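Descriptive analysis of the structure
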There are 2 protein chains.
Amino acid sequence: MSKQARHMHLGAFLFGVGHHVSAWRYPDTEAAGILDPSFYERFAQTAERGKFDMLFLADSLALLGRSPAHTVSVRPEPITLLSYLAGVTSRIGLAATVSTTYHEPYNLAREFATLDHLSGGRAAWNVVTSSRNEEAANFSQERHPEHAVRYARAKEFIKAAAALWDSWEDDAIIADRASGQFAHPDKVHRIDHQGSFFKIRGPLNAPRPPQGRPVIIQAGASEAGRLLAAETAEVVFTAWQTIEEAQLFYGNVKSLLARFGRTPDQLKIMPGIFPVIGTSEAEAREKEQALQQLVLPEVGLSMLSGSLNVDLSGYPLDGPLPELPELEAVNGGKSRFQLVADMARRDGLTIRQLIYRVTGARGHRTIHGTPVQIADQLEAWFTQAACDGFNIMPPYLPGGLDEFVDQVIPELQNRGLFRTEYNGTTLREHLGLHRPTSRFSRTSEASSASL
Amino acid sequence: MSKQARHMHLGAFLFGVGHHVSAWRYPDTEAAGILDPSFYERFAQTAERGKFDMLFLADSLALLGRSPAHTVSVRPEPITLLSYLAGVTSRIGLAATVSTTYHEPYNLAREFATLDHLSGGRAAWNVVTSSRNEEAANFSQERHPEHAVRYARAKEFIKAAAALWDSWEDDAIIADRASGQFAHPDKVHRIDHQGSFFKIRGPLNAPRPPQGRPVIIQAGASEAGRLLAAETAEVVFTAWQTIEEAQLFYGNVKSLLARFGRTPDQLKIMPGIFPVIGTSEAEAREKEQALQQLVLPEVGLSMLSGSLNVDLSGYPLDGPLPELPELEAVNGGKSRFQLVADMARRDGLTIRQLIYRVTGARGHRTIHGTPVQIADQLEAWFTQAACDGFNIMPPYLPGGLDEFVDQVIPELQNRGLFRTEYNGTTLREHLGLHRPTSRFSRTSEASSASL
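Here the structure is a predicted model, which means the values were calculated and not measured. (Residues numbered from 1 in each chain as written. Chains lettered and ligands numbered in written order. Predicted model: local features only at pLDDT ≥ 70, side-chain atom pairs only at ≥ 80, totals over all residues. Heavy atoms only, no water.)

Description of the relation of the copies chain B and chain A
- For the pair chain B and chain A, the superposition axis carries a translation of 0.0 Å, the fit reaches an RMSD of 0.0 Å, and the rotation angle comes to 180 degrees. Such a turn and shift between the copies fits a two-fold axis. No C-alpha of chain B approaches the rotation axis more nearly than that of Tyr84(B), which lies at 2.1 Å.
- Residue by residue, 100% of the interface of chain B is reproduced at the interface of chain A, so both copies engage with the same surface. (Least-squares fit on C-alpha atoms with pLDDT ≥ 70 in both. Contact = heavy atoms within 4.5 Å.)

The structure is reproduced here in structure tokens:
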């Protein structure tokens with residue numbers, strides 16, 4: 001162990017006005033202002049005050065839920081919002097979810113390059129392949145493409161985007177007024193990408209981002225998802241209920257890295273945590289209960305039906321689940337399906353009990369208690385090879401993040417588990433990740449990810 | 001005439017570190033920081049101090065110029081940059097150029113809706129169809145689509161985007177905590193768009209923008225461009241050398257509006273102006289001369305060749321142009337081609353003289369002189385039915401905008417030709433444009449543009 005203690009990495013997960021589906025009905029939230037910039041400014045500045053590595057914005061390319069009647073189904077577009085927040089923060093990383101299924105590599109590479117420049121090296125891209133037919137219907141497609149096709153496209157998309165980020169070498173710009181030489185033409189490269197999905201000449205019309213490339217994040221836990229992560233990701237978000245599952249996944253993905261010439265420290269694994277904080281454990285449980293009582297039955301049933309790819313509306317709430325489809329038949333959200341199905345089987349849950357699990361933590365791990373109890377539980381996973389940190393999903397906002405930053409962060413800092421100040425200025429520095437060298441650089445060594 | 005004098009509308013055009021191709025070699029510019037946020041912050045805040053209606057960001061989806069060696073060929077992505085600037089300004093409109101040829105309506109509608117929300121109603125979309133094969137090559141296409149195909153796609157794209165912005169009625173969100181009713185489901189609409197290019201179900205996953213829809217800007221001056229503008233645009237940017245041409249265009253486009261049930265005040269025509277300001281006219285002309293002397297011959301020849309769709313590298317600089325292609329053979333930048341060809345013919349210019357015209361004002365009108373002389377020339381066009389205002393293209397930045405704001409704006413204000421304070425908060429209010437009602441609104445009247 002090095003002189004400096006190993007610190008955990010923390011993401012602040014931004015989802016509506018809180019991760020709980022009924023957060024908007026909870027006191028002090030302002031759901032009607034879901035596109036109000038001051039809500040987001042406050043979130044970002046609080047997370048930065050807490051020295052979080054990054055804030056993380058989830059996304060979807062269609063309304064969330066089957067009807068807009070009872071849930072906060074609208075969302076800001078991630079790149080647009082994070083660019084806005086780049087101007088009102090100075091250190092925290094900014095992670096945007098963008099789908100490879102419904103975007104173009106050239107546009108995406110430019111957006112992230114620009115965000116990385118404007119934020120001084122704080123951009124991250126959470127790569128998703130989208131999961132719903134409702135999204136396909138907004139992009140001139142009859143149905144959502146198959147899992148294998150989406151993953152093949154994602155892999156090629158990431159490769160092309162990485163080449164575009166590399167296309168201007170770090171020292172390509174000279175800007176010599178006297179001679180009129182703006183750039184070294186031999187340090188600006190066409191990429192001439194030619195694959196099954198894209199044909200892209202390049203170069204990008206933006207100079208190399210401060211981080212070389214934005215940090216690449218992924219979340220898929222399927223077999224294909226793990227391999228894609230081991231090859232291309234630098235952060236993996238996961239959802240695990242038990243430390244055993246988390247340890248198994250952690251060991252498995254870290255061991256896959258060598259296959260792609262990468263070292264274990266170049267990929268950080270961060271499970272989602274839904275923390276319910278109280279002055280006592282009982283108070284925390286009461287708080288969760290209060291949130292659960294705000295869930296309208298039709299909202300819960302619709303969410304659970306969505307997770308499990310079956311229509312549950314005919315079944316008694318206090319009975320067991322009906323027979324579920326095979327995993328192979330699920331196209332999109334395979335990991336989520338498996339997670340919820342496993343939970344039901346393992347814990348013998350009724351439909352009503354399962355609704356509680358998916359409407360609150362949405363399949364992630366719930367931990368209740370005092371700030372000390374919360375810190376204990378985070379410490380246990382972190383020190384027992386189950387993760388490199390956590391993606392914190394406050395149940396309601398802004399209060400849930402305020403409590404975590406004011407009460408749990410100091411406890412983690414006192415234990416030497418978390419930074420008390422940012423050391424670097426870029427997200428790569430916060431996460432301890434290499435800055436990749438451009439593939440075109442003549443002094444180029446093997447880069448951290450084999451893109 | 002109403003009691004309040006008619007005011008001109010002004011846009012601050014942001015192109016590299018100045019409109020002149022050699023701006024970056026001019027003293028006090030910082031071309032190496034082309035992605036430095038402080039450069040853009042200063043530009044936006046200066047334009048806002050000058051009470052400009054909007055700042056306007058040009059764009060391209062490939063490197064500018066044939067080689068990156070001698071020109072500032074890189075650019076920030078417009079939506080990303082303007083979202084950043086929304087946070088450091090409060091009144092000025094923010095106009096982003098985005099191509100309909102290489103984007104998807106759902107993504108674009110969301111980005112502009114988000115920008116409009118974050119900026120409190122200051123977003124504008126400059127609709128372009130792109131013009132170069134180099135752009136096609138970055139988007140998996142063999143060649144740039146034909147003019148007619150691009151315009152048909154643009155028209156359908158605007159229509160679909162407008163429907164998406166309308167899909168949440170203004171009063172769709174209730175957010176009633178007690179009942180758990182977040183939105184009126186009957187005020188949130190699928191758009192079920194089905195056309196030749198797109199099939200989009202909707203609704204958008206963002207509530208209706210503060211302006212209803214962002215302001216729509218266009219620049220094409222071809223026959224198809226004028227018709228598209230008369231049907232769908234609210235601001236038209238143009239390039240004219242003489243007041244007679246400008247008056248002809250102004251009269252023509254304003255008269256086309258009735259065909260689409262629109263009134264003349266619902267479309268503002270703003271020609272580009274390249275102002276060279278000095279303490280005397282002679283000093284202004286010397287300044288321009290100094291900029292011209294910084295143009296390397298190969299840069300000028302390459303720009304002129306690009307405008308005219310011919311390779312001029314074999315021809316003597318002090319001789320006339322060779323025979324040019326027919327207008328029909330030009331695919332993309334037809335208006336620019338015609339403008340430069342007309343200029344050469346009308347003024348009997350040599351290649352070298354023509355290079356001066358395209359590398360400075362890039363085909364727009366140059367005016368030289370003292371602040372009073374500049375104001376005189378703007379007043380003449382504005383009061384003689386040639387335009388509703390101007391798009392100001394400072395030769396070099398930040399100095400060229402500083403001079404305009406500190407010296408010309410007060411002169412225009414003294415003459416009662418320009419506002420001394422913003423009256424409204426949205427760009428539509430600055431421009432005197434209707435806020436369109438949603439097509440789905442039950443109390444909906446005919447909207448300003450027939451989208």
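So, the pattern of salt bridges
Residue and element names in this part refer to chain A.
- Across all of its chains, the model carries 56 salt bridges over all chains by this definition.
- Its salt-bridge partner being Arg435, residue Asp170 comes within 2.8 Å of it at the nearest N-O pair. Taken as a pair, Asp170 in the loop between helix H5 (147-166) and strand S5 (173-176) and Arg435 in the segment after helix H14 (427-431) lie far apart in primary sequence, 265 residues in all.
- Using a relative accessible area of 45% as the deciding quantity, one classes Asp170 as partly exposed.
- A cluster of three or more residues bridged by salt bridges with shared partners is formed by Asp166, Asp170, Arg208, Arg213, Arg435 and Arg439. (Salt bridge = Lys/Arg side-chain N within 4 Å of Asp/Glu carboxyl O. Helix = DSSP H or I, 4+ residues; strand = E, 2+ residues; numbered from the N terminus. Buried < 20%, exposed > 50% of the residue type's maximum accessible area, 1.4 Å probe, protein only.)

Remarks on the UniProt feature "domain: Luciferase-like" (unreviewed entry) in chain A
- Under the local residue numbering, the UniProt record ascribes the feature "domain: Luciferase-like" (unreviewed entry) to residues 35-381 of chain A.
- Structurally, residues 35-381 of chain A is divided into 41% helix and 15% strand, and its ends, taken at the C-alpha atoms, are 35 Å apart. (UniProt positions renumbered as here; feature names shortened; annotations may be inferred.)

A word on unusual backbone geometry
- In this structure, Pro203(A) follows Gly202(A) across a cis peptide bond, with omega equal to -5 degrees.
- Positionally, Pro203(A) belongs in the loop between strand S8 (199-200) and strand S9 (215-218).
- Backbone torsion omega between Leu397(A) and Pro398(A) reads 5 degrees, so that peptide bond is classified as cis.
- In this structure, Pro398(A) sits in the loop between strand S13 (389-392) and helix H13 (399-414).
- Its identity is not glycine, yet Ser140(B) carries a phi of approximately 60 degrees, on the positive side.
- Inspection of the secondary structure assignment puts Ser140(B) in the loop between helix H4 (133-136) and helix H5 (147-166).
- According to the relative accessible area criterion, Ser140(B) is partly exposed, its value standing at 31%.

Here's the deal with the pairing of strand S5 (residues 173-176) of chain B
All names here are of chain B.
- As paired elements, S5 and strand S6 (residues 181-183) share two bridges and run antiparallel to each other. Each bridged residue has a counterpart across the sheet, and for Ile173 the counterpart in S6 is Ala183.
- Connecting S5 to the antiparallel partner S6 that follows it, the hairpin turn spans four residues, and Gly180 within it adopts a positive phi of roughly 80 degrees. (Pairing = 2+ DSSP bridges.)

Some remarks on the nonpolar core
- Grouped together as the largest cluster of nonpolar side chains are 209 residues, with contacts concentrated most on Phe52(A), Trp125(A), Phe52(B) and Trp125(B).
- By size, the runner-up hydrophobic cluster in this structure holds 22 residues, among which are Val299(B), Leu321(B), Val340(B) and Ala341(B). (Core = buried A, V, L, I, M, F, W, Y, C linked by side-chain atoms within 4.5 Å.)

Comments concerning the UniProt feature "binding site: FMN" (unreviewed entry) in chain A
Residues and elements named next belong to chain A.
- The feature "binding site: FMN" (unreviewed entry), as given by UniProt, occupies Asp59, Thr97, His147, Tyr151 and Ser222 in the numbering adopted here.
- One can find Thr97 in strand S3 (residues 93-99).
- For Thr97, a relative accessible area of 3% corresponds to the buried category.
- With near-sequence residues (within four places) excluded, Thr97 lies in contact with Phe56, Leu57, Ala58, Asp59, Pro78, Asn126 and Val128.
- Turning to its location among the elements, Ser222 is positioned in the loop between S9 and helix H6 (223-232).
- In this structure Ser222 comes out as buried when scored by relative accessible area, which is 13%.

Some remarks on the packing of aromatic side chains
- Enumeration according to the criterion identifies 30 aromatic pairs over all chains in this entry.
- Summarising the aromatic geometry, the rings of Phe56(A) and Phe237(A) are spaced 4.4 Å apart at their centres and angled 90 degrees between planes, so their arrangement reads as edge-to-face. One end of the pair, Phe56(A), is in strand S2 (residues 54-57); the other, Phe237(A), is in strand S10 (residues 235-238), and 181 residues separate them in sequence.
- Looking at Phe56(A), the relative accessible area reads 3%, which means it is buried.
- What makes Phe237(A) buried here is its relative accessible area of 7%.
- The ring centre of Phe15(B) lies 4.6 Å from the NZ or CZ of Arg75(B), which sits over that ring. (Phe/Tyr/Trp six-rings, centres within 6.5 Å; stacked < 30°, edge-to-face > 60°. Lys NZ or Arg CZ within 6 Å of the ring centre and 35° of its normal.)

So, the interface of chain B and chain A
- Taken together, the 77 residues of chain B in the interface contact 77 residues of chain A.
- Counting each side, the surface lost to burial between chain B and chain A is near 6,200 Å², with a carbon and sulfur contribution of 58%.
- When the buried area of chain B at its contact with chain A is split by residue, Leu118(B), Arg177(B) and Phe182(B) rank highest and sum to 12% of it.
- The partner of Arg110(B) in a salt bridge is Asp59(A), with the nearest N and O atoms 2.7 Å apart.
- Those elements that provide at least two residues to the side of chain B that touches chain A are helix H2 (78-86), helix H3 (105-118), S5, S6 and strand S8 (199-200) of chain B.
- Residues of the side of chain B that touches chain A, tallied by class, amount to 42 nonpolar, 20 polar and 15 charged. (Buried area = accessible area lost by both parts, 1.4 Å probe. Nonpolar A, V, L, I, M, F, W, Y, C, P; charged D, E, K, R; others polar.)

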